[in-house]
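Listed here are the chains, written in short residue letters.
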Amino acid sequence: GENVEQHPSTLSVQEGDSAVIKCTYSDSASNYFPWYKQELGKGPQLIIDIRSNVGEKKDQRIAVTLNKTAKHFSLHITETQPEDSAVYFCAPMKTSYDKVIFGPGTSLSVIP
Amino acid sequence: SQTIHQWPATLVQPVGSPLSLECTVEGTSNPNLYWYRQAAGRGLQLLFYSVGIGQISSEVPQNLSASRPQDRQFILSSKKLLLSDSGFYLCAWSAGGARGETQYFGPGTRLLVL
């Protein structure tokens, strides 16, 4: 089964700085790589995803990069804002599988 | 558009009492359905998932059970709650079959067992 790790587990940055969270996985068959954001007291929500035939994807201040050879992908947030404070989860999977294994989460705090 | 509902939003129950949490999805058919539990400050633990009516896969042995009586209804139950059952319960859906990728989460139920 898939073994998923995230680093760091907690991250604190000053407002305006960049934040990078890395997700490593074990299943080489994984072909879909999403990142979810969970705000306090709410369910996680998809913020960005990437597929195995793409190396990088960007959506305004957030981007995801994939290194399929090394089996890791990263979330990049630039010009961080206080509302970016949340827990972020990666969830690499093979799209034909029925279930998803989430990473342990990274708690991001953006200090105003 | 698709929406997912969970209720109740919060619940305080005594140890040994029964539990029933309900999740319904609107705007899609034949979804994959999931129950997760999240302890305070922790990650998402997959409890059950279902690919169709009456089809339940259990991920973690425990005193909880799940049922899917209708295509878009998923129920989490217990006959006797334990203190360790406290947590934040999240229901999620994804498109069924090989199309299943993104998970869409409900608002969650916060359960406190005393």
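See the structure above.
Residues numbered from 1 in each chain as written. Chains lettered and ligands numbered in written order. Predicted model: local features only at pLDDT ≥ 70, side-chain atom pairs only at ≥ 80, totals over all residues. Heavy atoms only, no water.

1. Digging into the state of the cysteines
Covalently bonding the sulfur atom of one cysteine to the sulfur atom of another cysteine gives a disulfide. Enumeration over the complete set of coordinates arrives at two disulfides over all chains. Disulfide pairing is shown between C23 of chain A and C90 of chain A; the S-S distance is 2.0 Å. Because the torsion about its S-S bond is 70°, the bridge between C23 of chain A and C90 of chain A counts as right-handed. With C23 of chain A in strand β3 (residues 19-25) and C90 of chain A in strand β9 (residues 86-90), this residue pair connects regions lying 67 residues apart in the sequence. Residue C90 of chain A is classed as buried on the basis of its relative accessible area, which comes to 0%. One disulfide bridge connects C23 of chain B with C91 of chain B, the sulfur atoms lying 2.0 Å from each other. (Disulfide = S-S within 2.5 Å. Helix = DSSP H or I, 4+ residues; strand = E, 2+ residues; numbered from the N terminus. Buried < 20%, exposed > 50% of the residue type's maximum accessible area, 1.4 Å probe, protein only.)

2. What about the layout of surface pockets?
Approximately 380 Å³ is the volume attributed to the largest pocket. Along the walls of the largest pocket sit 22 residues, with Q38, L40 and V87 of chain A together with Q38 and G41 of chain B positioned nearest its centre. For the lining of the largest pocket, the elements supplying multiple residues, two or more each, are β9 and β10 (106-111) of chain A. Here the residues of the lining of the largest pocket are counted per class, giving nine nonpolar, nine polar and four charged. Of the voids in this model, the second largest pocket is the one considered here, and its volume is about 190 Å³. Among the residues making up the lining of the second largest pocket, the classes are represented as nine nonpolar, three polar and one charged. (1 Å grid on protein atoms, 1.4 Å probe; cavity = no way out; pocket = protein on both sides within 12 Å on 5 of 7 lines; lining within 4 Å. Points joined across faces, edges and corners; volume = space filled by probe spheres on them. Nonpolar A, V, L, I, M, F, W, Y, C, P; charged D, E, K, R; others polar.)

3. With respect to the interface of chain A and chain B
The interface is formed by 20 residues belonging to chain A together with 23 residues belonging to chain B. Applying the counting rule to chain A against chain B returns one salt bridge. One salt bridge connects E101 of chain B with R51 of chain A, and the closest N-O pair in it is separated by 2.7 Å. The tally of links between chain A and chain B comes to four residue pairs in polar contact (both at pLDDT 80 or more). Of all elements in the fold, only β4 (32-38) and β5 (45-51) of chain A reach the threshold of two or more residues within the side of chain A that touches chain B. Counting residues per element, the side of chain A that touches chain B draws most heavily on β5 of chain A, at four residues. In terms of residue class, the side of chain A that touches chain B is built from nine nonpolar, six polar and five charged. (Contact = heavy atoms within 4.5 Å. Salt bridge = Lys/Arg side-chain N within 4 Å of Asp/Glu carboxyl O. Polar contact = N/O pair within 3.5 Å; in protein donor to acceptor, adjacent residues only side chain to side chain.)

4. Considering the packing of aromatic side chains
Applying the stated rule across the entire model yields 14 aromatic pairs over all chains. With centroids separated by 5.8 Å and ring planes inclined at 65°, the aromatic side chains of F102 of chain A and F105 of chain B adopt a geometry described as edge-to-face. Of the two residues, F102 of chain A is situated in the loop between β9 and β10 and F105 of chain B in strand β10 (residues 104-105); the pairing between them involves two chains. Just as F102 of chain A is buried, F105 of chain B falls in that class too. Of the aromatic side chains, those joined through ring pairs into one cluster are Y36, F89 and F102 of chain A together with Y34, Y36, Y49 and F105 of chain B. Its guanidinium or amino end placed over the ring of F88 of chain B, R110 of chain B lies 4.3 Å from that ring's centre, counting from NZ or CZ. (Phe/Tyr/Trp six-rings, centres within 6.5 Å; stacked < 30°, edge-to-face > 60°. Lys NZ or Arg CZ within 6 Å of the ring centre and 35° of its normal.)

5. A short note on the pattern of salt bridges
Overall, the coordinates contain seven salt bridges over all chains when judged by the stated rule. Each member of the salt-bridge network shares a partner with another, and the members are K37, E39 and K42 of chain A.

6. Here we look at the sheet that holds strand β8 (residues 73-78) of chain B
Residues and elements named next belong to chain B. Taken in spatial order, the four strands of this open sheet run β1-β3-β8-β7, and their pairing is antiparallel. Each edge of the open sheet carries a strand with a single partner, namely β1 (3-7) and β7 (64-70). Taking each pair of neighbouring strands and ignoring which way they run, the sheet shows an average axis angle of 20°. Two strands pair when backbone bridges link them, and β1 and strand β3 (residues 19-26) are joined in this way by five bridges, in the antiparallel orientation. In the sheet register, Q6 faces β3, and the bridge partner there is C23. (Pairing = 2+ DSSP bridges. Axes fitted to C-alpha atoms, helices over the stretch in contact; angles between N-to-C directions.)

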